[in-house]
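Structure at a glance
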Amino acid sequence: MYFTELKEFVSPPPPPLPPPSSSSSSSSSSFILLPLRPPPPSLPSRIPEALLPAAEKEEEEAEERRSRRRVFSVSLKMRVSVLVLGLSLVLTVCVARSPYQAVLQHSRIRGRQQGPNVCAMQQLKGTNKKYFTNCKQWYHRKICGKPTVITYECCPGYEKIPGEKGCPAALPLVNIYNTLGVVGASTTQMYSERAQLKEEIEGPGSFTFFAPSNEAWAALPTEILDALVSNVNIELLNALHYHMVSRRLTSEELRHGSSFASMYQGFHVHIHHYSNGIVTVNCARLIKPDQHATNGIVHVVDRVITAISNNVHMIIDVDDDLETLRTALAAAGLTTMLENDGQYTIFAPTNEAFEKIPQETLNRILGDPVALKDLLNYHILKHMQCAESIVSGTPMETLQGTVLEVGCDGDQMTLNGRAIITLKDQLGTNGVIHYINELLIPDSAKVLLELAEGSSVATASTLLVGAGLSSHLTGSEALTLLAPLDDAFKGSDTTMTPDLKKLMTNHILKEQLSSKSLYHGQELETLGGLKLRVFVYRNNLCIENTCIAAHDKTGRYATMFTVDKVLTPPMGTVMDVLKADDRFSLLVGAVQTAGMTELLNQQGALTFFAPTNDAFNAVPQPDLNRLMRNPQELSAVLRYHLGEGMLVSGGVEGSHTRVKPLQGEKLELGVRNYTVYVNKVPVADADLMATNGIVHAVNSIIKPLPPKVDREQADGPAAAFRPAASSVVDSKSFRNDEMFQKVVRSRSSRTMTQ
């Protein structure tokens, strides 16, 4: 219909052109091209007015579609740009064929604003030590705990051109001898000439030269340097040949754990290529790798290396300062292991380190093959770790199965944060030795008393000894110690009394346990004969009122659980707990009036948010009198304070925990500033343990919370609702609280029988 009506207002098409005659086709001037008639420009205006709204709407919709396509196109281009940038970063890492190459490429990225082929370096303040930077170091601006400054240098293989930005020129390839002078190894170049090595490294061949830097030669002890230069044709030449391999080896080919025969009598050089991008040869760090030459490649290193012929056991065997360690290794049967092939790191305690240990402890460990083997394996890492490979604290697994944190503090290597390493990088064919002046004793070689000493449970350790329990703490019994943190004793009288002695005895369980094997409802027997209950919560694992605050410490025979509180074992039923505390005298009377005594005495699992005398005294006297005269209403109020199940304060999650009361709506619990709140009423005294429940004292009568108000309704009728009940109940709020009255007058309270 639309097109039928439209045809009436459109000019008819022009008549077709007559076919050309045969005579005109033969003449070049008779062929005429007629221009096509353009469509009438006023076509839209010639549409009937009745059809205009529909046409305009269609045009608007078309324009909207075109606009959406343009927006989508721009958005798509932006997404593609971001994707390309992300892929470029991923490819930058993926293209890197080794950890060193990955770090080098990151340094290139950080230095590219300075111009082409510029690498960002991190230099330790006050030293000449520089490192190619990885992402973590770049943001921390620290290496070995010391601040760094960013410097910019030409990346390996490039040089500056005066007047141009960055390092646009590739270094001209020259022979190894001339390359040494260009890359900061001019002292090596000089000694090469003295030792008559110049002709060899200028001539034909393919060599890898691990060239000591100028600073490396300067750091060499005078007596060693004198011995080398006094016999240049033999000693110096041999030393330089040991720095050379008769083939070209790029950093990519220097793989972790590999070794290559040197040009000195075939003695091997040992390569380690660490995940942080650091590469070492005989524990000397490559500071300028991949300096190409026409007849090989130069890697500048930070120290002069020496030939290695002994394994780590032979090094220990000939050093008198490691005599005690040597004896201990033989007693533990570890000698053969250290003679075999491997990649070990040994933190070797000196004789002085053993002498620092109490003789009784040392004799016990040396006389116990299991503890001795654990002790020694705790000093051995599964892989080789040179000192120069450490740039920050890193946990590393030992042969004993646990970890040591190997780190550094400036030039000092550290173990578990302590600078106890006195001599580094004593290299053997199957590992490296670092000398330490303190013995590291793992938990698995300790008795209970040693587990507790020198930690955050020193007060508990002192009290246990004072209670006469030393024989249990130092013996071979299979036990578990519940050791409260020192903070748990703050404000408590720690004078030893019969009651305190009994309490400390109940902190020791009769069997060795793992916290991972505990389950909800489990009962654990103490040395004092009590049965303690295990409570498993979403956020905590608790034994009675105490919750485990740290990982287990598993000793030679026994285990220590670090707990957050001093244990308060259950001493009777909930009713017994209330009767024994003068703060609950009014509550005891109310319980009896409500006929709930049997409920609080019988077996069960209850959590009682028990109102103290202060809570009852805060209720207006007329209201309190009325409530006390009506046992059913009083029972309904008290049952709202009784939760199903046992919930200690440590089981309350910080944000939100719900407890179902025996009557009424759920109770809302939370923790703020180490205080537990129930329906926004603070718990004044938590975790009074009973055999059939737990009592938490509150100084206010707990009322149901008002319903939550939607934010958008805040300005409407719902705004009349008041905030949650305060901790003090005044006369008006108690009398007019509609929700509280609903609980009191609920059907279950009217039909309840006792």
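Residues numbered from 1 in each chain as written. Predicted model: local features only at pLDDT ≥ 70, side-chain atom pairs only at ≥ 80, totals over all residues. Heavy atoms only, no water.

1. Some thoughts on unusual backbone geometry
Residue C283 is not a glycine yet carries a positive backbone phi of 70 degrees. Among the secondary structure elements, C283 is positioned in the loop between β11 (279-281) and β12 (284-293). At K680, a position not held by glycine, the phi torsion is positive, near 70 degrees. With respect to the helices and strands, K680 occurs in the loop between β33 (675-678) and β34 (681-690). Its relative accessible area of 51% is what places K680 among the exposed residues. (Helix = DSSP H or I, 4+ residues; strand = E, 2+ residues; numbered from the N terminus. Buried < 20%, exposed > 50% of the residue type's maximum accessible area, 1.4 Å probe, protein only.)

2. Regarding the confidence of the model for the chain
Of all residues in the chain, 82% attain a pLDDT of 70 or more, and the chain-wide mean is 85. Low pLDDT, under 50, characterises residues 742-754; the stretch is placed with 25 contacts to residues that sit more than four places away or in other chains. (pLDDT = per-residue confidence, 0-100. Contact = heavy atoms within 4.5 Å.)

3. Some points on the packing of aromatic side chains
Tallied over the entire structure, the rule returns 4 aromatic pairs. The ring of Y131 carries the charged tip of R285 above its face, separated from the ring centre by 4.0 Å. (Phe/Tyr/Trp six-rings, centres within 6.5 Å; stacked < 30°, edge-to-face > 60°. Lys NZ or Arg CZ within 6 Å of the ring centre and 35° of its normal.)

4. Digging into empty space enclosed by the protein
Throughout the structure, instances matching the rule amount to 4 cavities of 30 Å³ or more. In this structure, the largest cavity occupies an estimated 160 Å³ of space. Secondary structure elements with two or more residues in the lining of the largest cavity: α4 (99-111), β2 (130-132) and β12. When grouped by side-chain class, the residues that make up the lining of the largest cavity number 10 nonpolar, 3 polar and 2 charged. (1 Å grid on protein atoms, 1.4 Å probe; cavity = no way out; pocket = protein on both sides within 12 Å on 5 of 7 lines; lining within 4 Å. Points joined across faces, edges and corners; volume = space filled by probe spheres on them. Nonpolar A, V, L, I, M, F, W, Y, C, P; charged D, E, K, R; others polar.)

5. Examining the state of the cysteines
Applying the stated criterion across every chain yields a total of 5 disulfides. Note that C283 is cross-linked by a disulfide to C386, the S-S spacing being 2.0 Å. Taking the sign of the S-S torsion, about -65 degrees here, the bridge from C283 to C386 comes out left-handed. With C283 in the loop between β11 and β12 and C386 in the loop between β15 (380-381) and β16 (394-397), this residue pair connects regions lying 103 residues apart in the sequence. In this pair, the class of C283 matches that of C386, namely buried. (Disulfide = S-S within 2.5 Å.)

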